[in-house]
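Each chain, written out:
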Amino acid sequence: MEFPQQQKPAGDGKIIYPPGVKEITDKISNDEVVKRLKMVVKTYMDMDQDSEEEKQQYLGLALHLASEFFLRNPNKDVRLLVACCLADIFRIYAPEAPYTSHDKLKDIFLFITRQLKGLEDTKSPQFNRYFYLLENLAWVKSYNICFELEDCNEIFIQLFKTLFSVINNSHNQKVQMHMMDLMSSIIMEGDGVTQELLDTILINLIPAHKNLNKQAYDLAKTLLKRTVQTIETCIANFFNQVLVMGKSSVSDLSEHVFDLIQELFAIDPMLLTSVMPQLEFKLKSNDGEERLAVVRLLAKLFGAKDSELASQNRPLWQCFLGRFNDIHVPVRLECVKFASHCLMNHPDLARDLTEYLKVRSHDPEEAIRHDVIVTIINAGKKDLNLVNDQLLGFVRERTLDKRWRVRKEAMMGLAQLYKKYCLHHEAGKESALKISWIKDKLLHIYYQNSIDDKALNEMWKCQNMLRGLVKELLDLHKLPVSEANNTAMFGKLMSIAKNLPDAGKAQDFMKKFNQVLGEDEKLRVQLEMLISPTCSCKQAEICVREITRKLTFPKQPTNPFLEMVKFLLERIAPVHIDSEAISALVKLLNKSIEGTADDDEEGVTPDTAIRSGLELLKVLSFTHPTAFHSAETYESLLQCLKMEDDKVAEAAIQIFRNTGQKIETELQQIRSTLIPILHQKAKRGTPHQAKQAVHCIHAIFNNKEVQLAQIFEPLSRSLNADVPEQLITPLVSLGHISMLAPDQFASPMKSIVANFIVKDLLMNDRSVGNKNGKLWTTDEEVSPEVLAKVQAIKLLVRWLLGMKNNQSKSANSTLRLLSAMLVSEGDLTEQKKISKSDMSRLRLAAGGAIMKLAQEPCYHDIITPEQFQLCGLVINDECYQVRQIFAQKLHLALVKLLLPLEYLAVFALCAKDPVKERRAHARQCLLKNISVRREYIKQNPLAQEKLVSLLPEYVVPYMIHLLAHDPDFTKPHEYEQLKDIKECLWFMLEVLMTKNENNSHAFLRKMVENIKQTKDAQCPEDAKANEKLYIVCDVALFVIANKSTACHLDSPKDPVLPSKFFLIQDKDFKNDKEYLTAEMRQMLLTGKPKPAPVLGAVNKPLTVPGRRIFTKTTTASDTASNTSTNSSPLSSTINKNSQNATPDAGTEASPVKRRGRPPKTAAAAPVAAEKEAAAPAGGGTGRGRKRAADPNSNPSESINIKMSKQQLQNDEGTKRQIDLQR
């Protein structure tokens, strides 16, 4: 075998083998080849570089071993032995190899590299030979010969890939050391590292590869550390190409540059000496996402525990800090999150961060302000010294943030710091002193105006509720074991768990705790003592300690079960308030009353201090009533009752009401002083004082009947409608007396209602109202007569709620009266004396009264569909404040499950509200109510029997019926009216169809299809009414089908329809008619008709209907008074139809404009202007609509009723396009 310019063997070219070794050719078997090669290997192993004679003698054999027969041999053992021989040959003949052909050298080194794969299996019998091969190559640096080859890079890449792929955790340190020597010599002694070779090293640092082969990562890491001086230039070149020049094609690793920078920095920051300035350039990129990626990277580099980057590279640090003010919100958010780690790992950088966190604590984005708090609190919880007073000041400021989520985080964070360092004393007195202000700050939050800020109030309410649940649980343990008892216990445990952190885990821990309670009677006794009303703060501390001691297991260093029980005990234990605390608060209150307190120094007036102190005591009277029972406390409260401040007296009466159950039996002196004061307040106090006084007498005195009679009789005799100013308090007292003691006062009240309330007060207008045209005025501007009428309506309701029966048919008469009030728009007598704003007050009172009566089952059953519709239409009233207050009352009653489900359908009408905020509020109310009902069904197994009245989906039939009887729905085939119906339907269905739980979409479809097979129970023989019902059904089916692909599946249950609203027909009745044309469906879907086949066809958004025109007989002055300075600027066209003139009026009657629904976009502006001007008196902004008459009402029973007329489209209406897919 000849090689160009090859060294020639000695003699005649014959191959000389070592003694005892026969010729090795392809004619012999593999086993014989192996046998002979082993002897050859032994010979070469024993040779050294000084054996010149042997080197010359075996030169031919060396050349022969590099022949194709050996390099391509299929036998693994043959190849290994040949590789070992070749490695020794390179050692013996060094520094000159016997092979001078570049191609042959390349083949040899690629051959040897392939053999190194055998290093992977350390348990192989041949592993020692593979190790010898590696050791020999590393010791001699044999691969350095390849530097002379043009394509040496291919060999090195293959070698590096092989070594990184075979290394594993079974290799010892020597193997790793030889691999390291072999690779590092190539890097350090070569002319440079190519990108491809660099990639074979860097790829092992990428997280995905790093997790696959930890040993390869460690090898690459060590290699980079050893060769840092040489390889840094190559790394810098790579990042320069990718980061600065944007040449991502230079390497397959270009997309991982930030991961690589992070890893390289962790290995040795020197590797990135030239790269860091490039990152400064990237921080100023115009691409927000790119800046975000760099910020995330640098946050890790600067925040790493032992990082000195900030001090070593100040320009980069300053540039990074600048990103705290980045225009891109995610970048600012990332910077704020970084600050937490930085404060913990690098306290020396706190000064640099403080100024930037200050700016971000006022960031317009809620999430960023929230995370600033989290950052500071997390650092403070690790070590209070990490956060300076300035940083804690930022958190303090955020307790007054406009967003509840931010305020809550700030308050909870400060509370955690106070608990850790002041209550548990985890860092000494100095730290406790540093944050001693936190307690006062949190308590002062109670006095904030926002209801959300009353954290203290909510805390005590939650504590009271949890104490009640634990007491009920302990009571169940006293009962015999039964299935019902176990079910009840489970319900209590789930309710308790919901009020603990991580409700999922809490459920399991509460089950375990309940099991322990059942087994340990002493534990139950301690828990009962803890929740006892008489338990003092000191006793509570002992109880908690005893309970936790019983549940502590010494062998468990961490016990999450015990931590959860501790949390429950902290929640229910009286750690703040007991009799001693109440006594201390009362003494402070006495000082303010006597004028000896330092209120002025605290920045509050004595009056404010007294009022605020009583408000605090009032809250405590709900949650800690027994703590008030002392003569000293009640004496102070009696002093408050005698003060001129109405609010102070009212709060004092309420405290007596909540806490005075034992006054009559144990504190006779207090009783004798209190009774005449309560009588006086019930007769001549403010309405609120009168209410509280009556309830107080009923709650705390045994002879309540006598006491109430002494108030009732003089008040009932002194009623005089001619002096309405003196009527309001008596009406309040009489109403509450009749509600609290119906057996005693229901009968005498009936004559008062008939003769005075209805006949004398409500059916007469004695004074003439202000004709300024405003739809709403402040409470102070409402006429006394109207205030008296509002209280009269409330009295009627309270009287009926006390009786709770309709034997005398009084409820029917009252409902007819309230309906007439709504139909007449508040002007029951139609004498035109009453002002617009007063009419608004009376409409609101009438709507609220019907809603209140509907909460009592016996009255709900007699409310007719027509009366329900009149009540519901109040939510579309022309006066903004009426709509707002009515919606709030409706929501509160529904969310407490006091109102029947049908009243939830009223919120669908809010889609017509012209004010965006009202629509948004209604949607939130819907979400909350539906959530409450679904949760109630889950938590109460018995609710399955009442699904028809609880399941939110059952609101759909009521909604369809309500919309079919909408007085605005007069032309059921017109697009504009159908579009309004679709909006109302989707307003409700969107919330209901958020999830398709239990195939609810199919259930909804089936329900609507079933309605189409019934008749309208309100007017079953009216073909037009039934047609409108079916059209609304078709629109509903159209909406459901366009929003859900699952609605066509089979419904799991057959829906039940309310018989009060729908008449089920015979089986022969089949209604399969499609009431919507294809063109109408297209318009409802897209807001535009199907395009005409004409080039350039006009495609404009459809207009929204403006105000609608309704005519009624009226006077000219009444028409003029309809104009309001605060009403919507959108004007409606006046229909000057002379046929509506009244001959007897003496003057030509001008028809009034009907306050229909203005376009939403146009109506929003005046409402905003009204709110800015803080002038609620105007009230007409963003007007809703007036209601039409009940067509079935008897004119002889009520007043003349106005019927709804034809709706006209307003040419001025704002154009908009409705898309069902929005």
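Cut-offs and rules
- Residues numbered from 1 in each chain as written.
- Predicted model: local features only at pLDDT ≥ 70, side-chain atom pairs only at ≥ 80, totals over all residues.
- Heavy atoms only, no water.
- Helix = DSSP H or I, 4+ residues; strand = E, 2+ residues; numbered from the N terminus.
- Buried < 20%, exposed > 50% of the residue type's maximum accessible area, 1.4 Å probe, protein only.
- Contact = heavy atoms within 4.5 Å.
- Areas by Shrake-Rupley, 256 points an atom, 1.4 Å probe, with all protein chains shown as cover.
- Axes fitted to C-alpha atoms, helices over the stretch in contact; angles between N-to-C directions.
- Parallel < 35°, antiparallel > 145°, perpendicular 65-115°, else oblique.
- Left-handed = near helix turned anticlockwise from the far one by under 90°.
- Nonpolar A, V, L, I, M, F, W, Y, C, P; charged D, E, K, R; others polar.
- Salt bridge = Lys/Arg side-chain N within 4 Å of Asp/Glu carboxyl O.
- Phe/Tyr/Trp six-rings, centres within 6.5 Å; stacked < 30°, edge-to-face > 60°.
- Lys NZ or Arg CZ within 6 Å of the ring centre and 35° of its normal.
- Expected span 1.5 Å × (residues − 1).
- Polar contact = N/O pair within 3.5 Å; in protein donor to acceptor, adjacent residues only side chain to side chain.
- Core = buried A, V, L, I, M, F, W, Y, C linked by side-chain atoms within 4.5 Å.

In the nomenclature of an unreviewed UniProt entry, the protein corresponds to PDS5 cohesin associated factor A from the organism Acanthochromis polyacanthus.

### Observations regarding the overall build of the protein
Helix and strand counts for the protein stand at 56 helices and two strands. When the 1222 residues of the protein are sorted by exposure, 53% land in the buried category. A separation threshold of at least 6 residues defines the contact pool for the protein, and within that pool the share at least 24 residues apart is 75%. As displayed, the protein offers around 56,900 Å² of accessible surface, 51% of which is attributable to carbon and sulfur atoms.

### Notes on the packing of helix H41 (residues 742–762) against helix H42 (residues 784–803)
At a closest axis distance of 10 Å, the pairing of H41 and H42 adopts a crossing angle of 150°. With respect to their mutual orientation, H41 and H42 come out roughly antiparallel. For the element pair H41 and H42, the recorded crossing hand is left-handed. Here Pro742, Ala746, Met749, Lys750, Val753, Ile757, Leu761 and Leu762 of H41 lie close against H42, whose contacting residues are Ala788, Lys789, Ala792, Ile793, Leu795, Leu796, Trp799, Gly802 and Met803. Residues that form the contact of H41 with H42 fall into these classes: 14 nonpolar, one polar and two charged.

### Structural notes on the pattern of salt bridges
Applying the stated criterion across every chain yields a total of 49 salt bridges. Residue Arg883 is joined to Asp913 by a salt bridge in which the shortest nitrogen-to-oxygen separation is 2.7 Å. Separated by 30 residues along the polypeptide, Arg883 in helix H47 (residues 880–895) and Asp913 in the loop between H47 and helix H48 (916–939) bring together distant segments of the chain. Note on Arg883: relative accessible area 1%, which makes it buried.

### Brief notes about the packing of aromatic side chains
Under the defined criterion, the tally for this structure stands at 21 aromatic pairs. On the numbers, 5.9 Å between centres and 70° between planes, the contact of Phe90 with Tyr99 is edge-to-face. Take Phe90 and Tyr99: they sit in the same class, and that class is buried. When the ring of Phe302 is compared with that of Phe320, the centres are 5.3 Å apart and the planes differ by 45°; the resulting orientation is tilted. Separated by 18 residues along the polypeptide, Phe302 in helix H16 (residues 288–303) and Phe320 in helix H18 (residues 314–322) bring together distant segments of the chain. Pairwise contacts between aromatic rings join Phe302, Trp317, Phe320, Phe324, Phe338 and Tyr356 into one cluster. Above the face of the Tyr217 ring, Lys210 is positioned so that its terminal group lies 4.7 Å from the ring centre. Arg841 extends its terminal NZ or CZ atom over the ring of Trp776, reaching a point 4.0 Å from the ring centre.

### What about H16?
Residues three or four positions apart in an α-helix share a direction because the helix packs 3.6 residues into each turn. Between the first and last C-alpha of H16 there are 22 Å, a value that for 16 residues agrees with the 22 Å anticipated at 1.5 Å per step. Among the residues of H16, Gly288, Arg291, Leu292, Val294, Val295, Leu297, Leu298, Ala299, Leu301, Phe302 and Gly303 are the ones counted as buried. The inward-facing, buried residues of H16 contact helix H14 (257–267), helix H15 (276–283), helix H17 (309–312), H18 and helix H19 (329–345). Regarding H16, its N-cap is Asp287, as a side-chain oxygen of that residue lies 3.0 Å from the backbone nitrogen of Glu289 further along.

### Some details on the nonpolar core
Grouped together as the largest cluster of nonpolar side chains are 177 residues, with contacts concentrated most on Phe907 and Leu989. It is H42 that provides the largest number of residues to this core, a total of 12 residues. Beyond its immediate chain neighbours, meaning those up to four positions away, Phe907 contacts Ile875, Ala887, Leu890, His891, Leu894, Ala922, Cys925, Leu926, Asn929 and Phe987. Formed by 153 residues, the second largest nonpolar core is a distinct cluster that contains Ala83, Leu134, Ile186 and Leu297.

### Here we look at the environment of Leu182
By secondary structure assignment, the location of Leu182 is in helix H9 (residues 173–189). Filtering out sequence-adjacent residues up to four positions away, Leu182 remains in contact with Leu134, Leu137, Ala138, Tyr143, Leu159 and Leu163.

### Topic: H9
End to end, H9 covers 24 Å across 17 residues, agreeing with the expected 24 Å (1.5 Å per residue, within 8%). Turning to H9, its buried residues are Val175, His178, Met179, Met180, Leu182, Met183, Ser184, Ser185, Ile186 and Ile187. Residue Asn172 occupies the N-cap position of H9, its side-chain oxygen lying 3.1 Å from the main-chain nitrogen of Lys174.

### Points about the packing of helix H32 (residues 579–594) against helix H33 (residues 606–623)
A pair of packed helices is captured by two measures, namely the crossing angle of their axes and the spacing between those axes. Relative to each other, H32 and H33 sit at 160°, their axes nearing to 9 Å. In terms of orientation, H32 lies roughly antiparallel with respect to H33. For the crossing formed where H32 meets H33, the hand is left-handed. Each of Ile582, Leu585, Val586, Leu589, Ser592 and Ile593 in H32 lies in contact with H33, whose residues at this interface are Pro606, Ala609, Ile610, Gly613, Leu614, Leu616, Leu617 and Leu620. When the residues that make up the contact of H32 with H33 are grouped by side-chain class, the tally is 12 nonpolar, two polar and no charged.

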